[in-house]
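The primary structure of each chain is shown beneath.
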Amino acid sequence: MNQVDELLQILELINKHNLPLSPILEYAIKERVAQYSGAYSDFEDPSQVDPIDVLPNIKGLDEYLIDFASLSVGVSSGKKLPHKAILLLSLIQLFEDGELEKNAIPLDKIIADAFVKCWEKYYTSKAPTVWTPFYHLKGEPFWHFKASGTDERLAMLLSFGGTPSIGKMRPVIAYAYLDEELFCFLKTKQSRDDLKSVLIKTYINQM
């Protein structure tokens, strides 16, 4: 665990146990995260930069629970479509199995197989393609893409109104990645369990 992970884990524990976080401590933690992550590197005099300006948002687990509970999804027969939730549950399972150690989710057979396996755990219907939710998670604040090539090509792909084929995505998207804070939360069992519970309750076990 590196220094940034350790600091983010401190924030996770504070958030988990509802401990009071003084403005001074929050400021100090953000300052250290900014230093360790190289966020000051673009400034001539880092000592004159407020870490709040460099790292304005260090999200807590509660905020990600809200994000997971309010995914932008379609509705069919009065129920929220579960495709994005199944993909996120698949990622959580990959974390638990030790198959996702880096914050990089490639467009490969591992995530595709995990998605099918997770879908079949909850539904008897044939699993749809994983690449539709993989692409449309672009609308969620914690999901990002690393360009394979130029950022302009990636921007053009992401502006497409429909769903591009996997053949069109692979030359443009190197991989997807999560907010660093969310990635750190997924390293701990309790956080994974909390996030998984929200996904299942909101999108799988709908009343």
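See above for the structure.
Residues numbered from 1 in each chain as written. Predicted model: local features only at pLDDT ≥ 70, side-chain atom pairs only at ≥ 80, totals over all residues. Heavy atoms only, no water.

Undergrad: Can you walk me through the environment of isoleucine 110 in this structure?
TA: Residue position: isoleucine 110 is located in helix H6 (residues 109-122). The partly exposed category is assigned to isoleucine 110, whose relative accessible area is 42%. Along the sequence, isoleucine 110 and leucine 94 sit 16 residues apart, while their C-alpha atoms lie 8.8 Å from each other. Non-local contacts of isoleucine 110, meaning those with residues more than four positions away in its chain, are made with Leu94 and Glu99. (Helix = DSSP H or I, 4+ residues; strand = E, 2+ residues; numbered from the N terminus. Buried < 20%, exposed > 50% of the residue type's maximum accessible area, 1.4 Å probe, protein only. Contact = heavy atoms within 4.5 Å.)

Undergrad: Mind showing me how you'd approach the pattern of salt bridges here?
TA: Where charged atoms of side chains with opposite charge meet at close range, the side chains can pair. The final tally for this structure, using the stated rule, is five salt bridges. Among the ionic pairs, lysine 84 bridges to glutamate 140, the shortest N-O distance being 2.8 Å. Residue lysine 84 is located in helix H5 (residues 83-96), and its partner glutamate 140 is located in the loop between helix H7 (131-136) and strand S3 (143-147); the two are separated by 56 residues in the primary sequence. With respect to burial, lysine 84 and glutamate 140 carry one shared label: buried. The partner of lysine 196 in a salt bridge is glutamate 96, with the nearest N and O atoms 3.1 Å apart. Here lysine 196, found in helix H11 (residues 189-204), pairs with glutamate 96, found in helix H5; they are 100 residues apart in sequence, far enough to count as distant. With a relative accessible area of 22%, lysine 196 lands in the partly exposed category. Residue glutamate 96 is classed as partly exposed on the basis of its relative accessible area, which comes to 32%. Taken together, the salt bridges that share partners define one network made up of Glu96, Arg192 and Lys196. (Salt bridge = Lys/Arg side-chain N within 4 Å of Asp/Glu carboxyl O.)

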